[in-house]
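# Per-entry structural report
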Amino acid sequence: MNKNDSEQMTTLMLQDDQYIESESLADADILIFNSCAVREMAENRMYARMKDLVGRRKKAKKDLTLVLAGCIPQYEKESLLKAHPYIDVIIGANSIEYLPALLGHNTQTPRIKITENKDPAIIKANPKRTPFDQAFIPIMFGCDNFCSYCIVPYTRGREVSRTKESILEEINALEGSGYKKLLLLGQNVNSYGHNLYEDYSFADLLVDIHRIPFIEKIDFMTSHPKDMSDKLISTLADLPKMGKEIHCPLQAGDNEILRDMNRHYTVEDFTLLVEKIRKAIPNALISTDLIVGFPGESEAQFQNTIKVVKTLGFHRVIAAAYSPRKGTAAVDLPDQIEDTVKKRRLSDLQKIVQQYAFGKHPVEERKLL
Ligand code: SF4
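Residues numbered from 1 in each chain as written. Predicted model: local features only at pLDDT ≥ 70, side-chain atom pairs only at ≥ 80, totals over all residues.

Check the secondary structure of the chain and you find 14 helices and 12 strands. Computed over C-alpha atoms, the radius of gyration of the chain comes to 22 Å, within 12% of the 21 Å expected from 2.2 N^0.38 for 369 residues, which places it in the range of a compact globule. Along the first, second and third principal axes, the C-alpha set of the chain runs to 65 × 55 × 35 Å. Contacts spanning at least 24 positions in sequence make up 73% of the contacts within the chain whose residues lie at least 6 apart. (Helix = DSSP H or I, 4+ residues; strand = E, 2+ residues; numbered from the N terminus. Rg over C-alpha atoms; globule rule 2.2 N^0.38 Å. Contact = placed C-beta atoms within 7 Å.)

Printed below as a string of structure tokens:
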């Protein structure tokens, strides 16, 4: 999603020939950091990098306009002005269309624009795309799920879907550009359209996209297991252009932790879902996300996560240690786990993933595990 926002910002900046893309970091007069708020460590690394760059410019006596864009401004808001006075322009992920105006407004005071929700109408149908073999197509923004560990509903705002017409227009505009593969983007693509249409879902959108003759492959990211309907599974099975990797974020292999995460499914529900997908699409590659060290996670509960990795045999696992994010419900839960314990659990999980994931165990073998 952030990569797509970067493409949209690049397009906005270059559209009136007012700016050109710099060949190198050292030559740039404006630097735009498009930030992610999901993990604290990445956020801290970004501030260190920004300070370092500003310091070097000062030393070289060269001007620099520093822009902080993306998800961090969405939740830190005005407090950034005080905490990071070296930033010239602050623009939230939901307000990127204001970027040229903020930069063009010549004033010594920091400029800031943050809006709570994204207006899907601002999406450019023909952005300057990153050279990559897939075109990133956002189909929805925001999330209404409020998983207790997750900052996204506070940064990306409430769930809004783009109209099917605007999505299909953007995809049709790719004809002749060389892009034949798509990555459909959204925080929870499975619930696409539910607050926009009465009778048009993500599955219907896939069918419409699938009809576009020059499109060869369609992938999507990411989905919530609770919204993976039978209709969607059978649609995925019926459409030969769909990518075979299906990302189903489990997050934890223990029911109490899943309840505290506010995920609205149990390990048993998830296992059933995986079985359904594998039955409908025998060559499906199921990947997942897992978080270790969620507040209150006991050793036994962590071992339940390990057990699920061993038994479900994911194709790919993206594992992370729980990162507390200000404003989320999980920050206030008792029994926060020590960093050393989180690190050890993450390393233990990664070892198991190396052993059991990446297609190492075919389906028949997995049943025996
Ligand atoms: S569904 Fe995904 S984006 Fe939404 S709150 Fe949960 S983890 Fe965050």
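Now for the domain arrangement of the chain. Segmentation of the chain into domains returns domain 1 (2–113) and domain 2 (120–368). Here domain 1 and domain 2 have C-alpha centroids that lie 29 Å from each other. Contacts between the two partners involve 17 residues from domain 1, matched on the other side by 19 residues from domain 2. Of all the secondary structure elements, the ones that give two or more residues to the side of domain 1 that touches domain 2 are helix 1 (2–14) and helix 3 (71–76). When the residues that make up the side of domain 1 that touches domain 2 are grouped by side-chain class, the tally is six nonpolar, six polar and five charged. (Domains from an automatic or database assignment. Nonpolar A, V, L, I, M, F, W, Y, C, P; charged D, E, K, R; others polar.)

Moving on, we come to the packing of helix 7 (residues 164–172) against helix 8 (residues 202–210). Axis separation between helix 7 and helix 8 bottoms out at 11 Å; the angle between their running directions is 30°. When the axes of helix 7 and helix 8 are compared, the pair comes out roughly parallel. In this structure, helix 7 meets helix 8 at a crossing whose hand is right-handed. Where helix 7 approaches helix 8, its residues Lys164, Ile167, Leu168 and Ile171 are matched on the opposing element by Leu205, Asp208 and Ile209. Taken together, the residues that form the contact of helix 7 with helix 8 break down as five nonpolar, no polar and two charged. (Axes fitted to C-alpha atoms, helices over the stretch in contact; angles between N-to-C directions. Parallel < 35°, antiparallel > 145°, perpendicular 65-115°, else oblique. Left-handed = near helix turned anticlockwise from the far one by under 90°.)

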